[in-house]
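Chain by chain, the residues:
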Amino acid sequence: MTTLVICVDRSGTVGRTTNVPMPVAGWEAVRSLVTDVGLGDPEDASVNCLLEALRIARDLRDGREDAVVAVISGESDSPIGADRSLASQLDDLVARYDPTAAIVVVDSAEDERVLPIIESRVPVDSVDRVVVRQAHDIESTYYLLKQFLADEQLRSTVLVPFGVALLLLPPLFYWLSPAAAVAAVAGLLGAALLYKGLAIDRLVAGVPERVREALYAGQVSIVTYVVAGGLTLVGLFFGALAAADLDAGVPVLVESMQFVHAAVPWLTVAGLTAATGRLLDELIRDEGIRTPYLNLPFVILAVGLVVRGFAGYFLEQESVLAALVVGDVAVSPGQRLALFIIAGIVVSVLGVKLTSDIGSEALEEVIDADNERDPNRRGESEVDRN
């Protein structure tokens, strides 16, 4: 049972410095190689890697194990050529010593990339990465930055927003106050990180394809979506006007509730319009209305009633909204809220009852059907399930 202790030099520094044919194997040969490498370049980290390989081989022999120390070094300037030369040297060592296991000693992340080549020829029991103690923090930071810069997705997610922010800082400091400039840049960075973190970029990238498919397929929903977008803008506009009509000095929370109270009806109608368009598309399919699409309008209406009820409750408590009068009886804020909540629950129950009687498919089947039409969404759904 022979253990091969391999010192890996992918960059080929050892071979170029000493002009010794590779691979080098054996205790005396490697110890002599350490002297040659040290005399050729005393600052080279390969010296420490060679010494570590010798130390490991010595410790194994002290434990009465048969250990062979060896050095392999790349013999080409190109990464592929270097890896092929390392593979050839490793084949030579395996044929010569027939090892049952290997211990790999490296001094950099680049050398560690050779590990799959070694594992394909001999089982690897351990990997020992040697970093000079004085340069440990610097080297670790260097390789972390190197891996970060090699990842295209991380570069586009982090470096691009920060670069844009730095470019905007000088003109913002010139035109605005320092506090306003910093706030604007912080908002920009936050928006950019959320845009990538919430995968909004994927949704935006898929919108043109989905719109094109809807136009070619003659779907009614494309028109209702446009109408729903217009109604949403109208709702936001009326909400902003309602909040602006309040007296000066009103708390921000009251302004927010006024905005919600005025905008919710329009937003609810927008949601119902979009859901109606999808229902019409389902009817055109002549395959029955699927349960989630049939239940969606009821859910939107129920949520709209509940949200408007809570907003009205807070506004009535602040005397911003007049009390609700039914006949000659004034309804208290709590009773008003209870009526809206009950109405929302009733609408939701009616929707569940109707969809259970008419609907034809479950939510999982709808998701699978959508994934069949969109390969990107299918891949994301499979990841989520796993």
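Bear in mind the structure is a predicted one, so any value in this text is a computation, not a measurement.

A. Inspection of unusual backbone geometry at higher detail. Note that the residue after Met22, namely Pro23, is joined by a cis bond; omega there is 0°. Here Pro23 shows up in the loop between α1 (13-18) and β2 (24-25). With phi around 55°, Asn19 is a residue other than glycine that occupies positive phi space. Its location among the elements puts Asn19 in the loop between α1 and β2. Given a relative accessible area of 66%, Asn19 falls into the exposed group. Even without being a glycine, Asp98 presents a positive backbone phi close to 50°. Inspection of the secondary structure assignment puts Asp98 in the loop between α4 (79-97) and β4 (101-106).

B. Quick peek at a nonpolar patch on the surface. Nonpolar side chains collect at one region of the surface, where Leu194, Tyr195, Leu198, Ile200 and Val204 lie side by side and expose about 440 Å² of accessible area between them. Among the elements of the structure, α9 (178-197) and α10 (200-217) are those that each provide at least two residues to the nonpolar patch. Along the chain, Tyr195 turns up in helix α9. Residue Tyr195 is classed as partly exposed on the basis of its relative accessible area of 34%.

C. Focus on the packing of aromatic side chains. The final tally for this structure, using the stated rule, is 4 aromatic pairs. Each residue in the set Phe237, Phe238 and Trp266 is aromatic and connected to the rest through ring pairs, giving one cluster.

D. Looking closely at the nonpolar core. By size, the foremost hydrophobic cluster in this structure holds 23 residues, and its most contacted members are Val5, Leu33, Leu50, Val71 and Val105. Of all the secondary structure elements, the ones that give two or more residues to this core are β1 (2-9), α2 (27-40), α3 (46-62), β3 (66-73) and β4. Take this core: its biggest share by element is 8 residues, from α3. Look past the residues within four positions of Leu50 in its chain and what remains in contact with it is Cys7, Leu33, Val34, Val37 and Val71. Core analysis: the second largest hydrophobic core is formed by 19 residues, Ile6, Ile72, Val104 and Val106 among them.

E. Region of interest: the sheet that holds β1. Pairing is mixed across the open sheet formed by 5 strands, whose spatial order is β2-β3-β1-β4-β5. At either end of the open sheet lies a strand with only one pairing partner, and these are β2 and β5 (124-129). In terms of strand pairing, β1 meets β4 through 5 bridges, oriented parallel. Among the inter-strand pairings, Cys7 is bridged to a residue of β4, identified as Val105. Docked against the sheet, α2 engages β2 and β3, running at close to 40° with respect to β3. Those strands touched by α3 are β1, β3, β4 and β5, and its axis lies near 175° from that of β1.

F. Representation of the environment of Leu54. Following the sequence through the fold, Leu54 ends up in helix α3. Among the residues examined, Leu54 registers a relative accessible area of 6% and is labelled buried. Residues Leu54 and Val5, 49 residues apart in the sequence, show an inter-C-alpha distance of 8.2 Å.

Conventions and cut-offs
Residues numbered from 1 in each chain as written. Predicted model: local features only at pLDDT ≥ 70, side-chain atom pairs only at ≥ 80, totals over all residues. Heavy atoms only, no water. Helix = DSSP H or I, 4+ residues; strand = E, 2+ residues; numbered from the N terminus. Buried < 20%, exposed > 50% of the residue type's maximum accessible area, 1.4 Å probe, protein only. Patch = residues over 30% accessible without salt bridge, like charges linked within 9 Å, V, L, I, M, F, W, Y side chains within 5 Å. Areas by Shrake-Rupley, 256 points an atom, 1.4 Å probe, with all protein chains shown as cover. Salt bridge = Lys/Arg side-chain N within 4 Å of Asp/Glu carboxyl O. Phe/Tyr/Trp six-rings, centres within 6.5 Å; stacked < 30°, edge-to-face > 60°. Core = buried A, V, L, I, M, F, W, Y, C linked by side-chain atoms within 4.5 Å. Contact = heavy atoms within 4.5 Å. Pairing = 2+ DSSP bridges. Axes fitted to C-alpha atoms, helices over the stretch in contact; angles between N-to-C directions.

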